[in-house]
Structures are given as C-alpha cells and as structure tokens.
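Architecture and fold: a report
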Amino acid sequence: AQSVTQLGSHVSVSEGALVLLRCNYSSSVPPYLFWYVQYPNQGLQLLLKYTSAATLVKGINGFEAEFKKSETSFHLTKPSAHMSDAAEYFCAVSEGGTGNQFYFGTGTSLTVIP
Amino acid sequence: GAVVSQHPSRVICKSGTSVKIECRSLDFQATTMFWYRQFPKKSLMLMATSNEGSKATYEQGVEKDKFLINHASLTLSTLTVTSAHPEDSSFYICSASLPNHNEQFFGPGTRLTVL
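All of the points below concern the structure found in this document.

Here we take up the layout of surface pockets. All names here are of chain B. The space that makes up the largest pocket amounts to roughly 460 Å³. Classifying every residue of the lining of the largest pocket gives 8 nonpolar, 9 polar and 4 charged. Every element with two or more residues in the lining of the second largest pocket is listed here: β7 (67–73) and β8 (76–81). With 3 residues, the top contributor of residues to the lining of the second largest pocket is β7.

On the side of chain B, 25 residues touch chain A, which itself brings 22 residues to the contact. Taken together, both faces of the contact between chain A and chain B bury some 1700 Å²; the carbon and sulfur share is 51%. Seen at the junction of chain A and chain B, the total is 1 salt bridge. For B:E103, the salt bridge goes to A:K49, with nearest N and O atoms at 2.6 Å. At the junction of chain A with chain B, the criterion picks out 6 residue pairs in polar contact (both at pLDDT 80 or more). Looking at the side of chain A that touches chain B, the elements that each hand over two or more residues are β5 (32–38), β6 (44–50) and β11 (102–104) of chain A. Ranked by residues supplied to the side of chain A that touches chain B, first place goes to β5(A) with 4 residues. Looking at side-chain class alone, the side of chain A that touches chain B contains 8 nonpolar, 13 polar and 1 charged residues.

Attention now moves to unusual backbone geometry. Cis geometry is found at the peptide bond from B:H7 to B:P8, where omega equals 0°. As for its placement among the helices and strands, B:P8 is situated in the loop between β1 (4–7) and β2 (10–13). One non-glycine residue, A:N41, adopts positive backbone phi at about 60°. If you trace the backbone, A:N41 turns up in the loop between β5 and β6. One non-glycine residue, B:S83, lies in the positive phi region at around 45°. Following the sequence through the fold, B:S83 ends up in the loop between β8 and β9 (90–97). For B:S83, a relative accessible area of 33% puts it in the partly exposed group.

Side chains carrying opposite charge are able to pair once their charged atoms draw close together. Per the stated rule, a full pass over the model turns up 5 salt bridges over all chains. Of the charged contacts, one joins A:K78 and A:D85 as a salt bridge, the two residues approaching to 2.8 Å between their closest N and O atoms.

Analysis parameters
Residues numbered from 1 in each chain as written. Chains lettered and ligands numbered in written order. Predicted model: local features only at pLDDT ≥ 70, side-chain atom pairs only at ≥ 80, totals over all residues. Heavy atoms only, no water. 1 Å grid on protein atoms, 1.4 Å probe; cavity = no way out; pocket = protein on both sides within 12 Å on 5 of 7 lines; lining within 4 Å. Points joined across faces, edges and corners; volume = space filled by probe spheres on them. Nonpolar A, V, L, I, M, F, W, Y, C, P; charged D, E, K, R; others polar. Helix = DSSP H or I, 4+ residues; strand = E, 2+ residues; numbered from the N terminus. Contact = heavy atoms within 4.5 Å. Buried area = accessible area lost by both parts, 1.4 Å probe. Salt bridge = Lys/Arg side-chain N within 4 Å of Asp/Glu carboxyl O. Polar contact = N/O pair within 3.5 Å; in protein donor to acceptor, adjacent residues only side chain to side chain. Buried < 20%, exposed > 50% of the residue type's maximum accessible area, 1.4 Å probe, protein only.

Put into structure tokens, the structure is as follows:
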C-alpha cells in the first residue's frame, strides 16, 4: 500500500526566505514521486517529479526536491520565496506506469508574507 | 503537449437535476482517465478510474449509480452527477495518463454548485 504524509497543513514564510514543504511516503515498491501546485479554483500543475533517475530533482519556478530513500522523504524547497508562490501544494506517490493510481497528501497551504 | 481540458469550468444547477462534465485530452490519446473530487481546502479524493471502452472502476464509498462515468473514446471521458443534491457541490478534477508514461495530466477542474 502507498500513502503520503505532508507535515504542516499551513506554512508561512517571509518573502525572500527559504521555503520547505515536507513530504514523507510509504511504498512497497520503488516509488514515483510528484509535487503539484494548485492556485484557487484551478487544477493541478506539475512542479517536478522523481522517477528513479537523479535523486535531486529540479522543477519549475525555482523549486527542487530531493528523494531520500533512507528517510522515505521527498521534501520540496525553494531558496527564496516570492509572493506568487502562495498556493496549495500537494505531494503524490505512484507505482508508476500507465493507469496507475496516484495517492495524494493532504496538501500544504503556503502563505508568503511581504 | 499533454493538455487536458474540462467543460464546463463552473456549473450551477437545481437540486434533482443531472449534470454532465466532460474531460478531454487535447493532444494525446489517453487510455486511462481519472476522476477526483476535492472538498474546500482538502486534498483530492479519487472517485474512479476510467479505461476507454470498459466500465469504470469506482473507489470504495463512491456510488456508481450516482456518478456515472463514460469513457467512449481515447480522448473523452464524461462524469454525470445524477439527481444532484447540495452535498454533491464540490470541485471535480479529471486527469489523464499518457501511454507509456508514469505521469497524470490534470484538467483545470469544474466547480459544481447545487442549489
């Protein structure tokens, strides 16, 4: 069985500060891991994904995440927060392959303080 | 590439009526499409997995007679909320899998409000 835990349903950072959103997963097989961003009343936009290649994954908008198997983690970071980063962020895990189900975390709402 | 659209983006209907939501993969053929429901400030809840030409697989607790899913072609899946009630009001999101890829591409969502 697969599952995702996102610690911290709400995270607030100052503009220009480091963003760290936590994601831990459980999977019985090597996982595929994803981070999505959702703006109000919109669908999900892929930020980045890990698919068994490099453990440090760089995504769009300056975000990156590191896959740590020993810690079963895939935390999302960005060195300097922008106001436009304020949104809901979801971590997801999948076994991979066409048609395989995604399991989403409960989401983390990021607030950026001017 | 890999764009998924949904129509309508917003719909308001009266209690007891049925509403159809369309999900289309615009530039690829999707053998599998997924339907999610998202409550306010909550995560996505998978409702069903839809494979072209076959019956949808519903998640536990999702009423298949209430939420009718049809995947008639490789680019179109529809979700019909039958006899809608106010508790069906929600944000519905579809996604599609690109063949031989391990990623899902999400539509922009449909906001359903049942009065």
